[in-house]
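Residue-level structural notes
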Amino acid sequence: VFYPSIMANSCRKLIFNIYLVFYCSAVIMPHICICSQFTSSPIDQFNKDPRAFPIATNGEIFPWHELRLPTVIIPLHYDLLIHPNLTSLDFVASEKIEVLVRDATQFIVLHSKDLEILNASLQSEEDVRYRKPGESLTVLSYPAHQQIALLVPEKLRADLRYSVAIDFQAKLADGFEGFYKSTYRTLGGETRTIAVTDFEPTEARMAFPCFDEPLFKANFSIKIRRESRHIALSNMPKVKTIELEGGLLEDHFETTVKMSTYLVAYIVCDFTSVSGTASSGVKVSIYASPDKWSQTHYALEASLKLLDYYENYFDIHYPLPKLDLVAIPDFASGAMENWGLVTYRETSLLFDPKKSSISDKLWVTKVIAHELAHQWFGNLVTMEWWNDIWLNEGFATYMELISLNITYPELQFDDDFSNTCFEVIKRDSLNSSHPISNQAKTAIQIKEMFDAVSYNKGACILNMLKDFLSEDTFRKGIIHYLKKFSYRNAKNDDLWHSLSNNCLESDSASGGFCYSDSKKTSNTLAFQLAFLRKNVELKEMMATWTLQKGIPLVVVKREGRSLRLQQERFLSGVSKEDPEWGTLQERYLWHIPVTYSTSSSHAIHRHILKLKTDTLDLSEKTDWVKFNVDSNGYYIVHYEGQGWDELITLLNQNHTLLRPKDRLGLIHDAFQLVSAGRLTLDKALDLTRYLQRETSIPALLKGLEYLELLYRMVERRNISDVTENLKHYLLQYFKPVIDTQSWVDKGSVWDRMLRSTVLKLACYLNHAPCIQKATELFSQWMESSGKLNIPTDVLKVVYSVGAQTTAGWNYLLEQYELSLSGAEKNKILYALSTSKHQEKLMKLIELGMEGKVIKTQDLAALLFAIARNPEGQQLAWNFVKENWTHLLKKFDLGSFPIRMIVSGTTSHFSSKDELQEVELFFESLKAQGSHLDIFQIILETISKNIKWLEKNLPTLRKWLLITT
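Residues numbered from 1 in each chain as written. Predicted model: local features only at pLDDT ≥ 70, side-chain atom pairs only at ≥ 80, totals over all residues. Heavy atoms only, no water.

Some points on the overall build of the protein
What counts here: Secondary structure is summarised from DSSP: a helix means a run of H or I of at least four residues, a strand means a run of E of at least two, and numbering begins at the N terminus for each. Radius of gyration means the value over C-alpha atoms here, while the globule rule gives 2.2 Å times the residue count to the 0.38 power. Remark: exposure states derive from per-residue accessible area (1.4 Å probe, protein chains only) relative to the maximum for the residue type, with buried under 20%, exposed over 50%, and partly exposed in between. Accessibility throughout is a Shrake-Rupley quantity obtained with a 1.4 Å probe, and a residue counts as covered only by protein chains that appear here. Only four residue types enter the charge count, namely Lys and Arg as positive and Asp and Glu as negative; His and the chain termini do not. For this purpose, a charge sits on NZ of Lys, CZ of Arg, CG of Asp or CD of Glu.
Counting its secondary structure elements, the protein contains 31 helices and 31 strands. What you see for the protein is a C-alpha radius of gyration of 29 Å, in line with the 30 Å of a compact globule of 964 residues. In terms of overall dimensions, the protein has C-alpha extents of about 90 × 70 × 55 Å along its principal axes. By residue count, 62% of the 964 residues in the protein fall in the buried class. When the accessible surface of the protein is totalled, it reaches about 36,800 Å², and 49% of it is carbon and sulfur. Here the protein contributes 105 positive and 115 negative side-chain charges, whose respective centroids are spaced 3 Å apart.

The structure is reproduced here in structure tokens:
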């Protein structure tokens, strides 16, 4: 799954006492390992104390009391027949599940949610062979655990196979999960309905009764009934279509490879497609609603290129005959990696050259790269349980970097990857963060695992590990991992073992370590390989990154030719002087692969910091030292003594002596250290004074980003003197940068992103030349009845300026409804949200709740944008408080949209009154049974904002008076 920018290790003992010890036993089927918390059979437990078991909906005792399914029954094959009715908006279905019985049992427990079970029956292998009718089964339901139990007349015997047949029906879901309806409007104004699935993590059970846990991999044979005006798509190619009575058609699809239930997918729609063939012969198709077919071509080009790349990089062919990518009109996340049938939000797949900016192009390419990487990481090899979702999502996010560097070097994604890490550091530096590999039991806890820690931090520690091991060694390790666990499930330790012993059998002559050319083995590489001689050491090292939360701070003090290093836990919003600081530091220790460069050498020096303190000796005298070369390490660096002054002087005298990513990292670390009370704000601001001469656009944008954050914080709090002085400083200091921006689409990716960012900020600050040019372009666009093609890089700026008049706002809303470009609609919606009139902002929210003009899928982003508008922040917050129950009818608790709505309307607060208000609201929700882990994150963030302002506002005020 890809979420907009915005995741089981059950067979081994984990440190920190986070997890239960699980018992793992292999069954007679090859490559099936089922892990269970239970050492006795379900029947034994039930017979021992039936009173400990819950009550089913019919008043009888339900024979199972755990959230996880029992492991005595293993699904082998599902035969599914689905018939959706797109007029009555429901579906009828039947299935036959072939199962293997591991231990004798009198019941079968599987998942089912919001399905009406019509009947269920059971056949033994002998019954099937002699075509005997199945025996009817009693069905018990326990909705609290989303489970049903099928009670069998006679005990099922161990090591035998049985066939379970179930007929069922349900309404097509209203939301974005399970088997749900989606609608779109044609150019002629007709509303059309399609039916689509989205199952990750725990919603396959909403579409068919199943063993809905990632460990229960099986094969699926799918048949779909439809009308002739529609087409049906599923994971595999269609093999035949049968005509039925009444004009219905029944499509039969090839049987899938072995896979988890959450990857099953099917769609009934009237879409059109464009297709091509990859080098390996795989047919790749991009589907969209007919009026948007012209926007599919870039996605096809990117998909073909990326599929070829991944097949070569992983040394494993994509295992299916076809790969479909489908743009869905209503979609909660960015995309979903269903094997062979990848579904996308329209803005994550479609590209309109006339309306999509360079940022839109980068986004589409990233999401395609992410989902295609999942075809190996997640689909071919799947985590054992959701606590290790990072093995899917962290890898897919990391592979965006690796694949795009080669396939689309012109997008310069390598320069943007640091931001992936910087984004999660804000979250991970709070005490309310969680380990990458974290306990998750309930459906809500599982959904909350799909967050920045699983995605971004997972990717960042993999990038750090690749930098430490070398790219070649890392690649061979992951190839070994993928080949060893193909069509199976894996856990953390399996990855570390593959990376430590990454040679395939044919490479064993190298002594267990692979690298391209032994002649290239430097002392540094030899040291790294020696470190890996013992597998336990890599496991030990990576456990410190995956099994404990947080991010380390490396404190550096230079004393002559010695470097004194100290590591501690970095905590944003908690300073050393705070009483809780010491307690929060206890028992935290990382094995940090630190890198550094000095003024006297271009070499990258490496060291493993395993202890709280350590000392390094420099070979020669140096004027400065810079740690975390190219920001490849997941840690923050603080320079004690004269360290920061030396680096600030260096930046002012000749910033090019430091690598561009090192300058970017210094800016980031400086402002993070301010939040932890380790560096004064004036020092961090002094560091940005060199930015007028900065030639690296990512570093320049990072400095601008922090200054804009300061501006928006004081503006929201209506601290007028600081707001005015900071506005004056930004416009004066960055005037050369602002004045050199043109209003056309030209230059490199970073030239174009700088143009969009700088002009948007300049117009927001009411810079007269910017407002004048944007107003001129907007007027021309209105006069042309929306036909004028405004340069895409400045489209959002122009629309935002135009939205400030009533006539402009109303016209934009009309164009929003008419536009066929999702990228343009996003820009218009953002512009509409910047209005200073609350009645207009309220109208947008009402349209979002209604879901017709503004789709419900865009409501979370809309509320987020309105909350960032000083005129709308209180409006958005009040709306959430007053309409919480209505919001939960549209989005599940724990879902990404709900988390975005809650955090988006509160996490920018910075006053004690606001904190108290949010606390009271969260307490009321808790009392109603609605609790999310993100509540604590938000409260901690607001507290941090309050402390930051109290401590740093006087410094900011003084600094501005001196510099302006």
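The discussion continues.
Some words on the pairing of strand 4 (residues 90-101)
Applied cut-off: Strands were regarded as paired on the criterion that DSSP finds at least two bridges between them.
For strand 3 (residues 73-85) and strand 4, the ladder comprises twelve bridges, and the chain directions are antiparallel. When the bridges of strand 4 are listed, L80 appears paired with E95. With antiparallel pairing between neighbouring strands as the criterion, strand 3 and strand 4 make up a hairpin whose turn holds four residues, including L89 at a positive phi of roughly 60°.

Comments concerning the state of the cysteines
For clarity, the threshold we go by: Two cysteine sulfur atoms form a disulfide, by the criterion used here, when they sit within 2.5 Å.
In total, this model carries two disulfides according to the counting rule given. The disulfide partner of C421 is C460, and the gap between their sulfur atoms is 2.1 Å. Classification of the bridge connecting C421 and C460 rests on its S-S torsion, roughly -110°, and on that basis the disulfide is left-handed. Placement of the pair is C421 in helix 6 (residues 417-428) and C460 in helix 8 (residues 452-469), with a sequence separation of 39 residues. As far as the burial class goes, C421 and C460 line up, both buried. The disulfide bridge from C763 ends at C770, spanning 2.0 Å between sulfur atoms. In this structure the cystine formed by C763 and C770 twists about its S-S bond by roughly -100°; its chirality is therefore left-handed.

A closer look at the packing of aromatic side chains
How we decide: What counts as a ring pair is set by centres within 6.5 Å for rings of Phe, Tyr and Trp (its six-membered ring), and what kind of pair is set by the plane angle: stacked under 30 degrees, edge-to-face over 60, tilted for all other angles. We count a charge as sitting over a ring when the NZ of a lysine or the CZ of an arginine lies within 6 Å of the ring centre and within 35 degrees of the ring normal.
The tally for this structure, following the rule as stated, stands at 50 aromatic pairs. Judged by centre distance (5.4 Å) and plane angle (50°), the rings of Y298 and F351 are tilted. Taken together, the positions of Y298 in helix 3 (residues 297-314) and F351 in the loop between strand 22 (341-345) and helix 4 (358-374) put the pair 53 residues apart, joining distant regions of the chain. Residue class for Y298 comes out buried when judged on its relative accessible area of 8%. Given the relative accessible area of 12%, F351 is considered buried. Between the aromatic rings of Y729 and W959, the centroid separation amounts to 5.2 Å while the plane-to-plane angle is 75°, which identifies the pairing as edge-to-face. Residue Y729 is found in helix 18 (residues 720-733), and its partner W959 is found in helix 31 (residues 934-963); the two are separated by 230 residues along the sequence. Just as Y729 is buried, W959 falls in that class too. Sitting over the ring of Y313, R475 keeps its end group 4.9 Å from the ring centre. We note K796 situated over the ring of Y830; from NZ or CZ to the ring centre the distance is 4.8 Å.

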